[in-house]
Every structure is written in C-alpha cells, then in structure tokens.
Amino acid sequence: MSNLLEDKVVIVTGAASGIGRAIAISAARHGAKAVLVSDIAELPREGGTPTTHEIEALGVATRFVQADVSRKAEVERLVDAAAAFGGVDVMVANAGITARDDGADVSEESYRRLMAVNLDGTLFSAQAAARQMKANGKAGSIVLMASMGGIVGAGMTVAYSTSKGGVVLMAKSLADALGPDGIRVNAVAPGTIDTHLLRTAAGIADAAEGFRQRTPLRRLGKPEEIGDAVVWLGSDMSSYVTGIALQVDGGLLAV
Ligand code: NAD
C-alpha cells in the first residue's frame, strides 16, 4: 500500500481484536519490517483468525507475544522480544477496557482493573519502549490510545473517561520527557468505532446509535481508520508532531 513504515519494527498491544488488530494489519500493509502482536489472548474476541496470520499473508515478519499490560514484567518481556528484529521503532499502547458506570456506582474491583489496564498498562508500555529506543539510539514514535471520553467528560463512563483523560496528559508529559532523545509521543482519541468493545459493553452499545446521529459524518468509524492515523503518527511523515491528541471521530467533538 505504501512504504511509510519501511524498516520499522512495530509493537501493538491489545492487537488480537478490534482497533489494535486493525492497527497491526495497517502497519504491515504500510511496509513495516516486523509487527509484534501482543494481547492477553491470541484469538480475536470477535472470532476469526489470529492477527499474525493476516500479517504473515502480507509477507511481513510477525510474532505473537502474550502479555497482560497491567503487569510490568510481562510488558518488559514483550519489548525484549523486539530485540530479535533490531529493536522497537513504533510502540502502539492500544490495550484498553471499558465499563459503564455513573461514577457513584463502580465496584472497587472493576475500578482498579480499569485503571490498571488503561493507565498503568499504557505507561508501562511507553516506558519499556522508550528505554529500549534510548539504549539503541533510536528516534522512535510512541502512540497511546486515548478516547473522545478523555477529551470531553462522559457521565456514563466516569472511570473510563478519567483513565483516558490521564492518557492524554501522559502523552504530553512523556513528549516533554522524551523529546530531547528524539522520541515522539502522541495520543489518538477515537470517536465511536465499530468494534467488539462497542458492540458488547453493557449499556454502551445502546448509546452508539445516539453518537452516530450526532456525528457530522453520520456513521461509526472503522477500526482501519484508526489504523491509518496511527500509521501516520508512527511514520516520519509526522516527524515534527509530538504531544498531541489526534481526534479521529468523524467530527463528533467539533460540534
Ligand atoms: P476490543 O475489546 O475490541 O479490543 C481490545 C483488546 O485489548 C482485546 O483484544 C483485549 O483482549 C485486549 N486487552 C484487554 N485487556 C488487556 C490487557 N490487560 N493486556 C493486554 N491486552 C488486553 O476494544 P477496541 O474497541 O478495539 O479498543 C481498543 C482501544 O481503543 C482501547 O484502549 C479503547 O479504550 C480505545 N477506544 C475504543 C473506542 C471504540 O469506539 N471502540 C473508542 C475510543 C477509544
């Protein structure tokens, strides 16, 4: 399709399903040298073949590495696996979970898990990648998965929106910390994207139709459209872009 990611070794977390799977396949289509697919489970939640099979079919080197991003040691093992391909150039910290809550009614267990995956897991992924990039003297790109819910508040997902707001500030802070080493850090803030997470999360699927009607483009986004945005942020085409939250939302937050 293009050579935007030529010679780049890409890691994508949460890449068995949905947006992460689309990002990993887009990276392969845009010429990546190798794509490390990581998730807590290898098979897509929506069914179908493992992501690595799709990437192999494109003739790109790939490997599945099982890792729960909330566990720092597992994330470090994932990044270590990139050494076999020459080290990571693009880290996409995509893994995330959601839960509907109205703020007053969230169990301690689901709150802690949500923060452990969405905040701890995103930071552990970025930091492990940055350490390896610095050790290899690489000017890499780190892309964090935020959400429109991290830019404007959402009363039905208070904990989730809080975590994604944290991801937006994490990208800005890491951009400041890592910029002197030539490492760029950006967030992507998807609007309503048609994935397993959207279709199955209790109470959120119902809200999706309302979001669609409010979206200027009058449709849900496709996972591949997030893949395209991540490819741009991962590539040298965005070489002077760092610390942003790129909204890919059909205009939803513009109105
Ligand atoms: P999804 O549920 O389809 O896929 C998420 C993947 O992450 C799954 O394969 C799951 O196994 C994996 N995962 C969950 N916990 C993990 C963990 N601890 N360690 C490793 N992997 C783990 O969801 P999606 O819609 O593709 O969402 C991907 C990202 O995009 C998430 O961060 C989500 O918050 C964000 N997002 C999605 C939407 C949307 O409308 N779908 C909108 C905004 C942001």
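You'll find the structure just up there.
Caption draft 1: Geometry of the sheet that holds strand S4 (residues 90-93). Pairing is parallel in the open sheet, where seven strands are placed in the order S3-S2-S1-S4-S5-S6-S7. Where the open sheet ends on each side, the last strands, each with one partner, are strand S3 (61-66) and strand S7 (245-248). Taken pair by pair, the neighbouring strands of this sheet meet at an average axis angle of 20 degrees, ignoring direction. Relative to S4, strand S1 (residues 9-12) runs parallel, the two sharing three bridges. In the strand pairing of S4, Val 10 is matched with Val 90. In the packing of helix H4 (residues 108-136) onto the sheet, contacts are made with S4 and strand S5 (141-145), and the angle to S5 comes to roughly 175 degrees. On the sheet, helix H5 (residues 158-178) packs against S5, strand S6 (184-190) and S7 and is oriented at approximately 165 degrees with respect to S5.

Caption draft 2: Inspection of the nonpolar core at higher detail. Ile 11, Leu 36, Val 88, Ile 142, Leu 144 and Val 185 are the most contacted members of the largest nonpolar core, which has 35 residues in total. Where this core is concerned, the elements lending two or more residues are S1, helix H3 (72-81), S4, H4, S5, H5 and S6. Each residue touching Leu 36, except ones within four places of it in the same chain, is listed here: Val 9, Val 10, Ile 11, Val 12, Arg 63, Val 65, Leu 78, Ala 81, Ala 82 and Phe 85.

Caption draft 3: View of the pairing of S5. Across the five residues that make up S5, a large majority, five, are buried. Where S4 lies against S5, four bridges are found, and the strand directions are parallel. For Val 90, the partnering residue across the bridge sits in S5 and is Ser 141. With respect to chirality, the unit in which S4 leads through H4 into the neighbouring parallel S5 is right-handed. As judged from the five bridges shared by S5 and S6, these two strands associate in the parallel manner. Each residue of the ladder has a partner; that of Met 145, found in S6, is Val 188.

How each quantity is defined
Residues numbered from 1 in each chain as written. Predicted model: local features only at pLDDT ≥ 70, side-chain atom pairs only at ≥ 80, totals over all residues. Heavy atoms only, no water. Pairing = 2+ DSSP bridges. Helix = DSSP H or I, 4+ residues; strand = E, 2+ residues; numbered from the N terminus. Axes fitted to C-alpha atoms, helices over the stretch in contact; angles between N-to-C directions. Contact = heavy atoms within 4.5 Å. Core = buried A, V, L, I, M, F, W, Y, C linked by side-chain atoms within 4.5 Å. Buried < 20%, exposed > 50% of the residue type's maximum accessible area, 1.4 Å probe, protein only. Right-handed = clockwise from strand over helix to strand, strands pointing away.

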